[in-house]
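Residue-level structural notes
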Amino acid sequence: MRTVRTATPRRYLMCPPEHFRVTYSINPWMDPAKPVDPVLALFQWEELRDLYRSLGHTVEVLAPVAGLPDMVFAANGATVVDGRVLGARFFNAERTDEAPAHLAWFRRNGFTEVREPQHINEAEGDFAVTSQWILAGMGFRSSPLSHSEAQEFFGRPVIGLELTDPRYYHLDTAFAVLDDTAGEVMYFPDAFSPGSRKVLARLFPDALLATAEDAAALGLNAVSDGHHVVLPRGATGLFAPLRERGFEPVAADLSELHKAGGSVKCCTQELR
């Protein structure tokens, strides 16, 4: 019998790609020699924003800052759990100034428990939240020291997972939460160290495992409301398995943003 899924209204923070370009390379996806169409990038972003709203979700908009081309990837700016905000501290100098812009937005919008972190973390790029745990990526960007900082601040167990493939430099490129209440997830095993694969198998024995092809299409860079799973349209191999589990996959085209190594989740910070 297929599981009956219920969508939960969410509140998201997004930042339009008005200044989006690929002018430097800080991950294997980025090639400054490949042109970016900024008009198309903005159109694709607007389609994603409007899609969320059509599904019943609230989208708040963070004003972009000139000179910060990766600010469109709003998931990297902060992690919000139970209304508490842990800011980001970026690994690469090119993105450093994004962090204060995010924290200023939260302070202006009524969030009172806002923490500027001591250790490097790239927010929901490397933190994935379920009802029981926070899964925390490490190996390329976020420091393992940020895990204890997040655990102390949020009061939730933080479980570290080591990433080993530079194409999947953030946890959200290799792992997605499908149902945060039931603890259902999908992930790409080959992106993780052997020990972390064992941890994932123990925590999530019934997880949906992605193929190399779907991971390369950034299919794990997805956002779920517990029923609808918004994911890149190129991750075609995930659609049928998601439907078999009672989810409704919803395709999104963010091909221009893929040129910087980001897709649906990278553009979407959840305000829990």
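Everything discussed here concerns the structure shown above.
The text that follows walks through the structure, step by step, so that each part is easy to find.

So, how was this worked out
- Residues numbered from 1 in each chain as written.
- Predicted model: local features only at pLDDT ≥ 70, side-chain atom pairs only at ≥ 80, totals over all residues.
- Heavy atoms only, no water.
- Helix = DSSP H or I, 4+ residues; strand = E, 2+ residues; numbered from the N terminus.
- Rg over C-alpha atoms; globule rule 2.2 N^0.38 Å.
- Buried < 20%, exposed > 50% of the residue type's maximum accessible area, 1.4 Å probe, protein only.
- Contact = heavy atoms within 4.5 Å.
- 1 Å grid on protein atoms, 1.4 Å probe; cavity = no way out; pocket = protein on both sides within 12 Å on 5 of 7 lines; lining within 4 Å.
- Points joined across faces, edges and corners; volume = space filled by probe spheres on them.
- Pairing = 2+ DSSP bridges.
- Disulfide = S-S within 2.5 Å.

Notes on the overall build of the chain
For the chain, the helix and strand inventory stands at 7 helices and 15 strands. For 272 residues, the compact-globule estimate of 2.2 N^0.38 gives 19 Å, and the chain sits close to it at 17 Å. By principal-axis analysis of the C-alpha atoms, the chain measures approximately 50 × 40 × 35 Å. Out of the 272 residues belonging to the chain, those deemed buried represent 57%. A fraction of 70% describes how many contacts in the chain between residues 6 or more apart in sequence connect residues 24 or more apart.

With respect to empty space enclosed by the protein
Counting across every chain of the model gives 3 cavities of 30 Å³ or more. Estimates place the volume of the largest cavity at around 260 Å³. The wall of the largest cavity is formed by 21 residues, among which Val 177, Ala 222, Lys 265, Glu 270 and Arg 272 lie closest to the centre. If you tally residues by element for the lining of the largest cavity, the top one is strand β9 (residues 175-179), at 4 residues.

Re helix α2 (residues 98-108)
Helical geometry: 3.6 residues make up each α-helical turn, so side chains three or four residues apart lie on a common side. Every buried residue belonging to α2 is among Glu 98, Ala 99, Ala 101, His 102, Leu 103, Trp 105 and Phe 106, and all of these are buried. Where α2 is buried, its residues contact β1 (11-14), β2 (58-61), β3 (78-81), β4 (84-87), β5 (114-115) and β15 (269-270). Where α2 terminates, the next one or two residues include Gly 110, which has phi positive at roughly 90 degrees.

What about the environment of Asp 206?
Mapped onto the secondary structure, Asp 206 falls in the loop between α4 (194-203) and β11 (208-209). On the basis of relative accessibility, which here comes to 61%, the residue Asp 206 falls in the exposed class. Considered as a pair, Asp 206 and Met 186 are 20 residues apart in the sequence and their alpha carbons are 9.1 Å apart.

Let's talk about the pairing of β4
In this structure, β3 lies alongside β4, joined through 4 bridges in antiparallel fashion. Within β4, the residue paired with Thr 79 across the bridge is Leu 86. Linking two consecutive strands that pair antiparallel, namely β3 and β4, is a turn of 2 residues; a positive phi of about 55 degrees is found at Asp 82 within it. Pairing analysis gives 2 bridges linking β4 to β5, with the strands arranged parallel.

Looking at the state of the cysteines
Summed over the entire model, instances satisfying the criterion amount to 0 disulfides. Unpaired in terms of disulfides, Cys 267 finds its nearest cysteine sulfur in Cys 266, a separation of 6.7 Å. With relative accessibility at 0%, the residue Cys 267 sits in the buried group.

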